[in-house]
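What the coordinates show
Listed below, chain by chain, are the residues.
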Amino acid sequence: MALIGKMCTNQEEKKGSADAYKNYTVGDSLGWFDNLEKPHVNYDKWVAAKKFSLGDFLIFNTDNNHSVIQTYNFTTYKSCDYDNALDNDTVQWSSADPSSTSTFPVSIAVPLLKVGTTYFFSGDYDGEQCQNGQHFKINVTYGQGLPRSLEDPSDDDSLAPISPISGDEESAPDTLVPSSFDHPRDVSTDDSPHPSNSLPLSTFSMVLGTQLNWILVVLGLVFGIC
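Residues numbered from 1 in each chain as written. Predicted model: local features only at pLDDT ≥ 70, side-chain atom pairs only at ≥ 80, totals over all residues. Heavy atoms only, no water.

Some details on the overall build of the chain
To keep things clear, this is the line we draw: What counts as a helix is a DSSP run of H or I of at least four residues, what counts as a strand is a run of E of at least two, and both are numbered from the N terminus. For each residue, the accessible area found with a 1.4 Å probe, counting protein chains only, is set against the maximum for its type, and the residue is called buried under 20%, exposed over 50%, and partly exposed in between. Using a 1.4 Å probe, accessible areas were evaluated by the Shrake-Rupley method; residue-level cover was limited to the displayed protein chains.
Each helix and strand counted, the chain has four helices and eight strands in total. For the chain, the sequential pattern of α-helices and β-strands runs β-α-β-β-β-α-β-β-β-α-β-α. Out of the 226 residues in the chain, the part that is buried amounts to 31%. Just so you have it, the chain exposes about 16,000 Å², and 55% of that area is on carbon and sulfur atoms.

Laid out in C-alpha cells, this is it:
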C-alpha cells in the first residue's frame, strides 16, 4: 500500500459557481481525532448535509499519533485494519508514529478522485482509534468532474508518447555489436565506379596458363632439334 506525502491544495475553481470545488476541514475546529482525545467529535454528524464531489479536498488536521487511511473496501473499513488491504483499493495518506516521545501537528490534504462510497479511518494502535469514533464514510458524486490538475495522465494515451520500458514487448530490440568490431572500413564491390588495381584470380590463372603453354612449346622444339 502506497504511503503518499502531503499534497498541494491548489484547485481549479469557477468563481460564482455553486458547484465550485471545495475544501472540507474534517471535524471542523475539532480536527481528526478519536473520542478518547476529543470526546465531542462526531464525524457522522459532520458528514451530514454536506455534498462531496470529484475534485473536492478533505483536509485532515491532526497530529503524528493519528493516521489517515482511505479505502473503497467496506471489509477493510469495518475491521479498522488495513494490513491485508490491496494497493488498488486502499491508500495510507499519513501514518502514526507510536514511538514518538512528543506530538506535533500534521495537516493532510486528500483529493476525492472516485465516484461512489469512500471510507476513512485511523488504522494504528490495533484499530483502537478507529473503534473509538475516528472513522466516517462519504458518498462522492461526479459534480463537474476532476480538474485537469488531478486527472491521471495514464487514462489518456494521447497526453504522452509511449516510451519503451525494460521488459515490455513493445520495447525497441537491443542492437548487438560483434566483439571484433573496431571501425567501419570501405569495401570495394563489383559495382564500384573506381577500378581496382588488382587482378581477379580467374584472370591471373588464365595468364599463367598461357605462359606455361609457350614454355612447353619452346622446350619441345629445342629437345626435338637435339
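Right, picking up where we left off after that structure.
A look at the nonpolar core
Taken as a class, soluble globular proteins show a tendency for nonpolar side chains to be buried jointly. Using the following cut-off: In this description, a nonpolar core means a group of buried Ala, Val, Leu, Ile, Met, Phe, Trp, Tyr and Cys residues linked to one another through side-chain atoms lying within 4.5 Å. A contact between two residues is defined here by any heavy atoms of the two lying within 4.5 Å.
Ranked by internal contacts, the top residues of the largest apolar core, which has 22 residues, are Leu 58, Phe 60, Phe 136 and Ile 138. Mapped by element, the contributors of at least two residues to this core are helix H1 (43-47), strand E3 (57-63), strand E5 (90-94), strand E6 (105-111) and strand E8 (135-141). Residues in contact with Phe 60, not counting those within four places in the same chain, are Val 26, Trp 32, Val 68, Val 106, Ser 107, Ile 108, Val 110, Phe 120 and Phe 136.

With respect to the sheet that holds E5
Note the following rule: Pairs of strands are assigned from DSSP output, requiring at least two bridges between the strands.
Here five strands make up an open sheet; going across it, the order is E2-E8-E7-E4-E5 and the pairing mixed. Sheet topology places strand E2 (52-53) and E5 at the edges, where each strand pairs with a single neighbour. Alignment of strand E4 (residues 68-71) against E5, held across four bridges, turns out to be antiparallel. Opposite Gln 70, over in E5, you have Val 91 as the bridge partner.

Things to note about the state of the cysteines
Cut-off, in case you're wondering: Disulfides are defined as pairs of cysteine sulfur atoms found within 2.5 Å of each other.
Here the structure, examined in full by the defined rule, presents one disulfide. Note that Cys 80 is cross-linked by a disulfide to Cys 130, the S-S spacing being 2.1 Å. Between Cys 80 and Cys 130 the disulfide shows an S-S torsion of about -60 degrees. By sign, it is left-handed. Here Cys 80, found in the loop between helix H2 (74-79) and E5, pairs with Cys 130, found in helix H3 (residues 128-131); they are 50 residues apart in sequence, far enough to count as distant. Exposure class is identical for Cys 80 and Cys 130. Each is buried.

Let's talk about the confidence of the model for the chain
As a reminder, the rule being used: For every residue, the pLDDT score states the predictor's confidence, bounded by 0 at the bottom and 100 at the top.
Chain-level pLDDT for the chain is 75 on average; 59% of the residues reach the 70-or-more range. Every residue in residues 5-16 scores below 50 in pLDDT, and together they form 24 contacts with partners more than four places removed in sequence or on other chains. Below a pLDDT of 50 lies the segment residues 156-196, which in the model reaches six contacts outside its immediate sequence neighbourhood of four places, other chains included.

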